[in-house]
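Survey of secondary and tertiary structure
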Amino acid sequence: MLKQVCGKVLNKGFLANGGDKLRPGLYVPITRFHSGQAHCAPRSFFGVEDFLDDDNSRPYTYQKGKKSKNPNKHVSFKQRTVAYMEPFTLDVFISKRFVSASLTHRVTSKQVAVAGTNSKDIKAVLKSRSDIPACLAVGRILSDRAREADVYTASYTPRERDKFEGKIRAVVQSLIDNGIDVKVYLD
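First, a word on what this report is: a plain description of the structure on this page. (Residues numbered from 1 in each chain as written. Predicted model: local features only at pLDDT ≥ 70, side-chain atom pairs only at ≥ 80, totals over all residues. Heavy atoms only, no water.)

What about the environment of Val112?
Take Val112: it is sitting in strand β5 (residues 111–116). Accessibility expressed as a relative area gives 27% for Val112, which makes it partly exposed. Taking the C-alpha atoms as reference, Val112 lies 9.3 Å from Asp150; in sequence the two are 38 residues apart. With near-sequence residues (within four places) excluded, Val112 lies in contact with Phe88, Leu103, His105, Ala149 and Val151. (Helix = DSSP H or I, 4+ residues; strand = E, 2+ residues; numbered from the N terminus. Buried < 20%, exposed > 50% of the residue type's maximum accessible area, 1.4 Å probe, protein only. Contact = heavy atoms within 4.5 Å.)

Here it is as structure tokens:
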């Protein structure tokens, strides 16, 4: 179809206004630099203008902004300051094959210290990578790395599916025994 339309335009042409007289020419949409919309035609052949943002800046970009259901909702002082008062969080992940734990800075989302049984230095020493002694070793190594990074306190909130018992408790208890103060928030 595009071949037929172009063939008709090339064979017949059309009259374009060139100041004071009409002359034959081809239809070429003129666009300005960074304008995002065609100025000669109400819409382009492929309809890109239909997908432009409200400010017509770039095609196919959409803003994903979470809007609060209640914008006038009161936010408590604790909710506003807890990320700065307790800046480091402990994250423990335990699978059937390995154990890993990390300390993350809440505000910058940077990992300060990481330890896991999948790393080469720990993997060779352990008999099993997912039992209680492995969890204790991960806690001990994580506490050493945290002290090197000058981190002495952390907070831990278990995930919804995790219970604070067994292997998770072993990692946290090992951190506490090796000098890292961990505040555990249970719901």
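A look at unusual backbone geometry
The phi torsion at Ser109 lies on the positive side, around 60°, for a residue other than glycine. Tracing the backbone through its elements, the reader meets Ser109 in the loop between β4 (99–105) and β5. For Asp150, which is not a glycine, the phi torsion comes out positive at approximately 60°. Positionally, Asp150 belongs in the loop between α4 (132–148) and β6 (153–156).

A short note on a positive patch on the surface
On the surface, Arg97, Lys120, Lys123 and Arg129 cluster together to form a positively charged patch. Inspection of the secondary structure assignment puts Lys123 in helix α3 (residues 120–123). (Patch = residues over 30% accessible without salt bridge, like charges linked within 9 Å, V, L, I, M, F, W, Y side chains within 5 Å. Areas by Shrake-Rupley, 256 points an atom, 1.4 Å probe, with all protein chains shown as cover. Salt bridge = Lys/Arg side-chain N within 4 Å of Asp/Glu carboxyl O. Lys, Arg positive; Asp, Glu negative; His and termini not counted. Charge placed at Lys NZ, Arg CZ, Asp CG, Glu CD.)

Overview of the pattern of salt bridges
The tally for this structure, following the rule as stated, stands at five salt bridges. In this structure, Asp162 and Arg159 form a salt bridge, with 3.9 Å as the shortest nitrogen-oxygen distance. Through salt bridges with shared partners, a single network forms among Asp91, Arg159 and Asp162.

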